[in-house]
Each structure stands twice: as C-alpha cells, then as structure tokens.
Amino acid sequence: MSLEEGNTPLIKTSTFGGNFLAKFEGANPTGSFKDRGMSVAVSNASNLGYRAVMAASTGNTAASAAAYAARAGMRSFIILPKGKIALGKLAQSVLYGAEVIEVEGNFDEGLEAVLNVHKTNGTVYPLNSFNPWRLEGQKTLAFEVVESVGVPDTVVVPVGNAGNIYAIWKGFVELTQVGLTERVPRMIGVQAEGASPIARAVLEGREIPEFTESPETIASAIRIGKPVNWPRAMRAIRESNGTAVVVTDEEILLAQTEMARREGLGVEPASAATLAGYVKLLKLGVVSKEELVVGVFTGHSLKDPDSMMRAGTRRFLVPPSEVLKLVEGELRVGR
Ligand SMILES: Cc1ncc(COP(=O)(O)O)c(/C=C/C(=O)C(=O)O)c1O
C-alpha cells in the first residue's frame, strides 16, 4: 500500500553557519515522515487480513494512518487528545475518513487506550511506533541520505515517542552490516523543554528517563511525556556516540520563522526544533561548522496554520486604487 512516499529532498542551507542539509520530510504524501512507516505497517496489516487499524496520535500519525488505511480500503480509528491537535492534522484525519475518537487527556493516555484495545480485542491492527513495521519504513531515510551525500558526521532528529531517531540509526547500522558503508553518524535528539524526558536523561547521564506527567510545548507533535520507544532511542544515541539537546518553545518558533524566511522551507514547530537544536549545538560547540550535518525536518508547515499565523508579518488593508502608493511607500522604507 504505497502513495510513493519517500525520496524526499535533501536541501542545502546557506544561512545557519555550518554544513547543514535539510532532509525535508514535509514532501511526503501526507506531509510528514510518518508515511514511510505507514506504507509498510498498513501493507502488513492488509497481508494479515485485518479490516481496521488504529493509532493514538499527536496528529501526524493519525493523518498518515487514515490516508494509508483509505488506500488499503480499511477503517481507521484515531485516538487524539481532545483539543490539542494542530488543525491541519485533524482536518486530514477528517478528510481521509478516519473515525476520530477524542479523549479527555494527553497523547500518553491515548496510547494506553490503544494498547488496551489491542490486548482485549485483537481485531484492530495497532499502528503506533511500538509496531516494528513502522520503523522498518522509517529507516529508509538513512538509505536516501547515503545515496545523496554518503554518511554524514551527524544527524539531528526531533524526538517525541522516540521511534524515528532509532529507525534512522538502524538504517545507517544496516548499511554498515551489508558492507555498503564504513561508519554510522552521531545521532543527536532534540526535545522541547517541557517534554524532554529522553534528552534530560542523556544529558544527566541517567539510563532511565524520568517521564513527564504533563508534557507541555507549543510543538504539539512532540508533546509526549512517556516515549514508548525510549529504550531504542537511548540505545541509538549511546551506540552512535551521539547526544541530545533541549530547546525552548521560543527557540522553536524563531527557528520556524528563520527556516521559512531565510531558506524558503516551511516546517511545523516540532520540525523546526531540528534547526533550533542545530543552532544551539553550534553555540555549545557540540557540533562544528565544518562537519556535515543532516537535519531531519519531519513535518510540513501546513500541518499547523495557527503556528504559521503566529509568525506575523506586515499586512495592510487598502482599496485597490491605493496599492501603487502603498508599494512605493514600502519600497522607500525597506523591509
Ligand atoms: C512533525 C513531527 N516531528 C517529530 C515527531 C517525533 O517523532 P517520534 O520521536 O518518532 O515520535 C513527530 C511525532 C508525532 C507523533 O508521535 C504522532 O503523530 O502521533 C512529528 O509528528
């Protein structure tokens, strides 16, 4: 079950000071990296004869699950934390015809509900990223990066439920195992300050993260306090000699605007965390300007119109006859 996902652009940036390439996952069919894994997982569900799938989500998993379920002629049950989903992602789930179940609570509680249905009912195929087929699809990003530029020194990935950083690392490891490459890049995870159990554990040298009961961040996609894949993510970071970095909501929103206005790339807040993280890693000297760094930009800006409007810009309301005067006036004052 494919929508021609993957093969996303790897775009050179020139305004952030280093050798920084943007892997633009917003170019996937539903606008996020989730499509890579959904194609594989929904294909597997179909092969096994399932007629319905389900997923708890902060939005992008929902949109992608709904699309690939539709592609496969299956029903999809999406469990969302009520009122906490970016409009674009909710709208996609509605358009693709998912059965949208909003729960009073956060993503982590929604995921508990999915696990409960899976254990007791068994006829609805679970698509969250504890499902290994999701990660088998998501690892293909590593293959594409190597095809384009070889093995980078470092890969920066925003971390929520923590499947993606592990999947990408797995892809790089498998390339060494078959002898196509000689090494694996450092994996660096970025988390938002109010939802950073893994990053804090890595930075404080703890093996086990302390879960965040009430995660909070403007980057709603990574507003996750109990990452289901935390052991896998910690392993990927440890075994690649990587690390983690924590960024504030303010740094995320600034990065979102900077990426759009200086490079022309529109990414949603959780995705902009990658740039916020890279800038901070340069400042901290964890990453050098010389090394080749690939930033994974995980979701398109269209997913979250509210965050785009928050960026603000110069807006005018004039009669058509006044446009010339306005433009000439603006040209005189400069931007
Ligand atoms: C744009 C964006 N960037 C980064 C992440 C974090 O990836 P993981 O660390 O693999 O979870 C997500 C995750 C979203 C969901 O978990 C969901 O949609 O339910 C995302 O949508």
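The structure presented is a predicted model; accordingly, all values stated were derived computationally and were not measured. (Residues numbered from 1 in each chain as written. Predicted model: local features only at pLDDT ≥ 70, side-chain atom pairs only at ≥ 80, totals over all residues. Heavy atoms only, no water.)

Enquirer: Even after reading the chapter, I still don't get helix α2 (residues 60-71), so can you show me in this structure?
Expert: Within an α-helix, residues lying three or four positions from one another point in the same direction, as the helix has 3.6 residues per turn. Taking 1.5 Å as the rise per residue, α2 with 12 residues should run 16 Å; its terminal C-alpha atoms sit 17 Å apart, in good agreement. Counting buried residues in α2 gives 10 out of 12 residues, a clear majority hidden from the surface. Turning to α2, the residues buried within the fold contact α1 (34-47), β3 (52-56), β4 (75-81), α3 (87-95) and α5 (132-138). At the C-terminal side of α2, Gly73 shows a positive phi close to 70°. (Helix = DSSP H or I, 4+ residues; strand = E, 2+ residues; numbered from the N terminus. Expected span 1.5 Å × (residues − 1). Buried < 20%, exposed > 50% of the residue type's maximum accessible area, 1.4 Å probe, protein only. Contact = heavy atoms within 4.5 Å.)

Enquirer: When you look at the packing of aromatic side chains in this model, what are you seeing that I'm missing?
Expert: Ring pairs (aromatic) are described by centroid distance and by the angle formed between their planes. In total, this model carries 4 aromatic pairs according to the counting rule given. Ring centres of Phe20 and Tyr278 lie 3.9 Å apart, and the angle between their planes is 10°; this geometry places the pair in the stacked category. Taken together, the positions of Phe20 in strand β2 (residues 19-24) and Tyr278 in helix α11 (residues 269-284) put the pair 258 residues apart, joining distant regions of the chain. Exposure class is identical for Phe20 and Tyr278. Each is buried. Here Tyr166 and Trp169 contribute two aromatic rings whose centre-to-centre distance is 5.9 Å and whose plane-to-plane angle is 45°, an arrangement assigned as tilted. Here the residue Tyr166 and the residue Trp169 both occupy positions in helix α7 (residues 163-177), the gap between them amounting to 3 residues, near one helical turn. (Phe/Tyr/Trp six-rings, centres within 6.5 Å; stacked < 30°, edge-to-face > 60°.)

Enquirer: Mind showing me how you'd approach the site of the ligand here?
Expert: Residues in contact with the ligand amount to 22 residues; listed here are only the nearest, Asn60, Thr61, Gly160, Ala162 and Thr298. One of the backbone N or O atoms of Asn161 is found 2.8 Å from an oxygen atom in the ligand. Thr298 places a side-chain nitrogen or oxygen 2.7 Å from a nitrogen atom of the ligand. Burial of the ligand by the protein chains amounts to 99% of its free accessible area of 470 Å². One can see that the ligand is located within the largest cavity. Within the shell around the ligand, the residues separate by chemical class into 9 nonpolar, 11 polar and 2 charged. (Near = heavy atom within 4 Å. Polar contact = N/O pair within 3.5 Å; in protein donor to acceptor, adjacent residues only side chain to side chain. Areas by Shrake-Rupley, 256 points an atom, 1.4 Å probe, with all protein chains shown as cover. 1 Å grid on protein atoms, 1.4 Å probe; cavity = no way out; pocket = protein on both sides within 12 Å on 5 of 7 lines; lining within 4 Å. Sits in = over half its atoms within 2 Å of the grid points. Nonpolar A, V, L, I, M, F, W, Y, C, P; charged D, E, K, R; others polar.)

Enquirer: Sorry, what's going on with the packing of α1 against α2 here?
Expert: Between two packed helices, what matters for the description is the angle formed by their axes and the separation of those axes. Running from N to C, α1 and α2 point in directions that differ by 40°, and their axes come no closer than 9 Å. Between α1 and α2, the crossing angle belongs to the class labelled oblique. Between α1 and α2 lies a crossing whose hand is right-handed. On α2, the residues that touch Lys34, Asp35, Met38, Ser39 and Val42 of α1 are Asn60, Thr61, Ser64, Ala65, Tyr68 and Ala69. Across the contact of α1 with α2, the residue classes tally to 5 nonpolar, 4 polar and 2 charged. (Axes fitted to C-alpha atoms, helices over the stretch in contact; angles between N-to-C directions. Parallel < 35°, antiparallel > 145°, perpendicular 65-115°, else oblique. Left-handed = near helix turned anticlockwise from the far one by under 90°.)

Enquirer: What is the right way to look at the sheet that holds β3 in this model?
Expert: Picture the strands of a sheet paired through backbone hydrogen bonds; they go either parallel or antiparallel. Pairing is parallel across the open sheet formed by 4 strands, whose spatial order is β5-β4-β3-β6. Across the chains shown, the open sheet's two edge strands, defined by having one partner strand only, are β5 (99-103) and β6 (125-126). Sheet topology note: the β3/β6 ladder contains 2 bridges and is parallel. Considered in β6, the bridge of Met54 is made with Pro126. Lying on the sheet, α2 is in contact with β3 and β4; it crosses β4 at an angle near 170°. (Pairing = 2+ DSSP bridges.)

Enquirer: Whenever I open this one, the side chain of Lys23 confuses me. Can you help?
Expert: Positionally, Lys23 belongs in strand β2. From its side chain, Lys23 meets the backbone oxygen of Thr8 in a polar contact 2.8 Å long.

Enquirer: Just checking my understanding: could you explain helix α4 (residues 107-120) for this structure?
Expert: A rise of 1.5 Å per residue sets the reference length of α4, with its 14 residues, at 20 Å; its end C-alpha atoms lie 20 Å apart and thus fit the reference within 8%. Those residues of α4 not exposed but buried are Phe107, Asp108, Gly110, Leu111 and Val114. The arc that holds every buried residue of α4, seen down its axis, measures 155°, which confines them to one face. Opposite the buried face of α4, by more than 90 degrees, sit the exposed residues Glu112, Lys119 and Thr120. Buried-residue contacts for α4 involve β3, β4, β5 and β6. Phi turns positive one or two residues past the end of α4, at Gly122, with a value near 80°. (Arc of directions from axis to C-beta.)

Enquirer: Help me out: how do you make sense of the domain arrangement of the chain in this one?
Expert: In many analyses, interface size is given as the accessible surface area lost on bringing the parts together. Segmenting the chain into domains produces domain 1 (10-31 + 134-310) and domain 2 (34-131). Taken together, the contact between domain 1 and domain 2 spans 31 residues of the former and 30 residues of the latter. Overall, the association of domain 1 and domain 2 removes approximately 2400 Å² of surface from exposure, summing both partners, and the carbon and sulfur fraction of that is 46%. Contact with domain 2 buries area across many residues of domain 1, yet Thr30, Arg134 and Lys303 alone supply 35% of it, more than any other trio. Between the two partners, domain 1 and domain 2, sit 3 salt bridges. Arg36 is the partner of Glu144 in a salt bridge, and the nearest nitrogen-oxygen pair spans 2.7 Å. The interface formed by domain 1 and domain 2 contains 17 residue pairs in polar contact (both at pLDDT 80 or more). Looking at the side of domain 1 that touches domain 2, the elements that each hand over two or more residues are α5 and α6 (140-149). (Domains from an automatic or database assignment. Buried area = accessible area lost by both parts, 1.4 Å probe. Salt bridge = Lys/Arg side-chain N within 4 Å of Asp/Glu carboxyl O.)

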